[in-house]
Amino acid sequence: MLKSMTGFGRAEQTVNDKTFLVEIKSLNGKQFEMQLRLPPLLRPYEFDIRNILQEQLVRGTIDCVITIKQNGTSKPVNINTDLIKAYYRQIEELAGELSIDTNSVLSALLRLPEVVTPTNDVLIDTDFEDFKKVLQTALTELNNHREEEGASLEKDLIKRITNINAQEEAIVQLEPNRMKRIREEIVQLLEEHVGKENYDGNRLEQELIYYIEKIDIHEEQVRLKQHCQYFIELLSNGDDAKGKKLSFVIQEIGREINTTGSKAYDADIQKCVVTMKDELEKAKEQVLNVL
């Protein structure tokens, strides 16, 4: 099944005295790029968390925000009482000189540097194992979203490639008449400007064969059909990440379409080529979102 790079996952769970909240957003990107915001308690486990995210998300632009709410008797901060007293003695001395009231100075003291600092608590291993379950829940939700959007992408891509195949089949039907018409036009021009009796018919046949071989599009049509078939096969295989492969095949399909257009010399075939290019551009836009 096809997966999109776009998705969102959220999970929240309370474990003992802590509530873990994980929010992960994924958008399309050429490689794996991640912005990870962690609370201080999880800093020692940052490398492990990054590995889990990269292993399961593979590719895309990832924004992951993790927060921890501490409940009950937990102490998320330390108050440096000795530093507050030192600040207060200086403030009191200055207030006496300036005759300023110091009754409401506590709130200002708490905002001074190094007065209130985070605790040095570290998340124990058992709590981290519980957190990983919360992280996995968010990842599962995000991957479910990716699969849902991927199913829509797959339907649209199959439609685009089917439309290209239909135009290729139309070109196959137009090809014999194109060759016949080109041959007749060359002979007519020679007869009008040189005269029917004044050119060598054998030499003309040789030149026509050379010219027609140069503008022959049979090989391009065969390769185009093969590329389209391979594209559909890639869509149905079991790989989770196949966006890059699909992008490469799209480039090859585009190359054959462009060559067909440059050799066509036929208005009806050019119309088919224009339609194929339009379908190809739509497919390119969709492939950019594929994991």
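Just above, that's the structure.
This text gives an overview of the structure that appears in the document. The structure presented is a predicted model; accordingly, all values stated were derived computationally and were not measured.

### A closer look at the overall build of the protein chain
Moving on, step 1. Regarding its fold elements, the protein chain presents 8 helices and 6 strands.
Moving on, step 2. Along the protein chain, from the amino end to the carboxyl end, the secondary structure elements read β-β-β-α-β-β-α-α-β-α-α-α-α-α.
Moving on, step 3. Burial status across the protein chain gives 37% buried among its 291 residues.
Moving on, step 4. A fraction of 80% describes how many contacts in the protein chain between residues 6 or more apart in sequence connect residues 24 or more apart.
Moving on, step 5. Counting only carbon and sulfur atoms, one obtains 51% of the accessible surface of the protein chain, whose full area is about 17400 Å².

### Considering a nonpolar patch on the surface
Moving on, step 1. Residues Ile79, Leu106 and Leu110 make up a contiguous nonpolar surface patch of about 260 Å² in total accessible area.
Moving on, step 2. Structurally, Leu110 is set in helix H3 (residues 106-110).

### Concerning the environment of Arg50
Moving on, step 1. Take Arg50: it is sitting in helix H1 (residues 46-57).
Moving on, step 2. Assessed through its relative accessible area of 29%, Arg50 is described here as partly exposed.
Moving on, step 3. For Arg50 and Met34, which are 16 residues apart along the polypeptide, the C-alpha to C-alpha distance reads 8.5 Å.
Moving on, step 4. Excluding residues within four positions of it along the chain, Arg50 makes contact with Met34 and Leu36.

### Section: the pairing of strand E1 (residues 7-15)
Moving on, step 1. Note: E1 against strand E2 (residues 18-27), 9 bridges, orientation antiparallel. Residue pairing for E2: Gly9 is matched across the bridge by Ile24.
Moving on, step 2. What sits between E1 and E2 in their antiparallel hairpin is a turn of 2 residues, with Asn16 showing a positive phi close to 55°.

Rules of the game
Starting afresh in each chain, residues are numbered from 1 along the sequence in its written order. Given that this is a predicted model, residues contribute local features only at a pLDDT of at least 70 and side-chain atom pairs are listed and counted only at 80 or more, while totals for whole chains, interfaces and linings are drawn from all residues. Side-chain metrics rest on all non-hydrogen atoms present in the structure, leaving aside hydrogens and water. What counts as a helix is a DSSP run of H or I of at least four residues, what counts as a strand is a run of E of at least two, and both are numbered from the N terminus. Burial classes follow relative accessibility: with a 1.4 Å probe on protein chains only, a residue under 20% of its type's maximum area counts as buried, one over 50% as exposed, and anything between as partly exposed. Here, residues are in contact when the closest pair of their heavy atoms is within 4.5 Å. All accessible-area figures derive from a Shrake-Rupley calculation using a 1.4 Å probe, and residue coverage is judged against the displayed protein chains alone. Patches in this entry comprise residues that are over 30% relatively accessible and not in a salt bridge; like charges within 9 Å are linked, as are nonpolar side chains (Val, Leu, Ile, Met, Phe, Trp, Tyr) within 5 Å. By definition, a salt bridge exists where a carboxyl oxygen of Asp or Glu is found within 4 Å of a side-chain nitrogen of Lys or Arg. In this scheme, strands are said to pair when DSSP sees at least two bridges between them.

Keep in mind that these numbers describe shape and distance, not what the molecule does.
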